Amino acid sequence: MSRAAVIWLLLSVIWGSTWMFIKVGLNDLPPLSFAGIRFVIAAVPLLLFVLVRRPNLPIALRDWVFMALTGIGTFAITYGLVFWGEQYISSGLAALLFATFPLFGLLLAHAHLPNERMTTRKTSGIGLGIVGVAIVFSDQLAATGPLAFWGSLAIVVAALVAAYVDVLIKRQGGHLDPVVLTLVQMLSGAIPLLAIGIPLEGNPLHYQWTALALISLLYLAVVGSALAFVLLYWLIRHMDVTRTMLITLATPLIAVALGIAILGEALTWRVAIGGGAILTGLLLTLRRSAVTLGRSEPMATGRLAVHGGAPSDEEPQAGAPLPS
């Protein structure tokens, strides 16, 4: 097996496992502060990387404002919703629902980017994804009640917000260094998470800092964010973007498998059918994207590195990493 294939598999496992570690950490830690502390820790190695590498920093004030605002959307809103929502649903289900992220990106890119137009294949993929989400929602409402329904809705809204920010970055932020962009976004998102979380959830020193909570936090920050970012940028220099994109399909499958095997999460037939529809819709859109990206092989979005999203043909920009 080649080194690139090993890195591809390692990234798939890392991004697939982050959903499980979020679920484990939420047993002891409150969601907003948990997410905020994660990104403060994750920003440290990125800051060191920037200090050593010394990339070109933006000069225009509007670029710094843009990075800060998209950071609030990406890390504060998206991850705030993800961590809050996963309190009430399984980790595997959360990963499946967040897999709608590229599908939302297709719709938003069609509306905001003149070169991104809908095709029959894209429309079919989005339609299947919508059907899959509807099936999952019906299962959650019928089987586990309103909190699971609202938790599922929070994950889908998080995917929508993440997709919208990615489109904005492609339209306005393609000239920004991806590491600098990610670092500024992380810190900009961590500030509101902690500013809201600490007054609502209490002093972090008084949280239940169990061994599992600490392991989950450090894994998400160091492995699931900082290390994954480095591995991603190594991978996209040594593997075709078309193959890198397939991580999007592997991530939720790994998350579901880990949830069942380690956390004992149940997989109902409706969730299985709905998840299958979402992934099939995603495969339809990625097949078309693979043809488009394979010709130009642009830099894949860094959003992959933090939470396991994946580039589609509307996001070949230097984006911020996103779960997860």
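Structure: above.
The rules behind the values
- Residues numbered from 1 in each chain as written.
- Predicted model: local features only at pLDDT ≥ 70, side-chain atom pairs only at ≥ 80, totals over all residues.
- Heavy atoms only, no water.
- Helix = DSSP H or I, 4+ residues; strand = E, 2+ residues; numbered from the N terminus.
- Buried < 20%, exposed > 50% of the residue type's maximum accessible area, 1.4 Å probe, protein only.
- Areas by Shrake-Rupley, 256 points an atom, 1.4 Å probe, with all protein chains shown as cover.
- Patch = residues over 30% accessible without salt bridge, like charges linked within 9 Å, V, L, I, M, F, W, Y side chains within 5 Å.
- Salt bridge = Lys/Arg side-chain N within 4 Å of Asp/Glu carboxyl O.
- Core = buried A, V, L, I, M, F, W, Y, C linked by side-chain atoms within 4.5 Å.
- Contact = heavy atoms within 4.5 Å.
- Expected span 1.5 Å × (residues − 1).
- Phe/Tyr/Trp six-rings, centres within 6.5 Å; stacked < 30°, edge-to-face > 60°.

A. A look at the overall build of the protein. When its secondary structure is counted, the protein shows 13 helices and 0 strands. Ordered by position in the sequence, the α and β elements of the protein form the string α-α-α-α-α-α-α-α-α-α-α-α-α. Within the protein, the proportion of its 324 residues that are buried is 56%. Accessible area for the protein stands at about 13100 Å²; split by element, carbon and sulfur atoms hold 70% of it.

B. Fine view of the environment of Arg270. Summarising the element assignment, Arg270 is placed in helix H12 (residues 269-296). Judged by its relative accessible area of 24%, Arg270 is partly exposed. Sequence separation between Arg270 and Ile135 is 135 residues, and the spatial gap between their C-alpha atoms is 6.2 Å.

C. Examining a nonpolar patch on the surface more closely. On the surface, a nonpolar cluster with roughly 650 Å² of combined accessible area is contributed by Leu57, Leu61, Trp64, Val65, Leu69, Ile72 and Ile77. One can find Leu57 in the loop between helix H2 (31-53) and helix H3 (61-85). The class of Leu57 is partly exposed, set by a relative accessible area of 49%.

D. Here's a closer look at the nonpolar core. Counting 85 residues, the largest nonpolar core has Leu11, Val82, Phe83, Leu97 and Phe98 as its most contacted members. Look past the residues within four positions of Phe83 in its chain and what remains in contact with it is Ile22, Leu26, Pro31, Phe34, Ala35, Arg38 and Leu220.

E. Region of the structure containing helix H1 (residues 3-26). Taking 1.5 Å of rise per residue, 24 residues should cover 34 Å, and H1 covers 34 Å from first to last C-alpha, within 8% of that figure. Counted residue by residue, H1 has 17 buried out of 24 residues, so it is predominantly covered.

F. Layout of unusual backbone geometry. With a phi angle near 50 degrees, Arg54 is a residue other than glycine that sits in the positive phi range. Checked against the element boundaries, Arg54 lands in the loop between H2 and H3.

G. Summary view of the packing of aromatic side chains. Under the definition given, this model contains 11 aromatic pairs. With a centroid separation of 5.6 Å and an interplanar angle of 15 degrees, the aromatic rings of Phe75 and Tyr79 are classed as stacked. Here Tyr79 and Phe75 lie together in helix H3, a separation of 4 residues that amounts to about one turn. Considered together, Phe75 and Tyr79 belong to a single accessibility category, that of buried residues.

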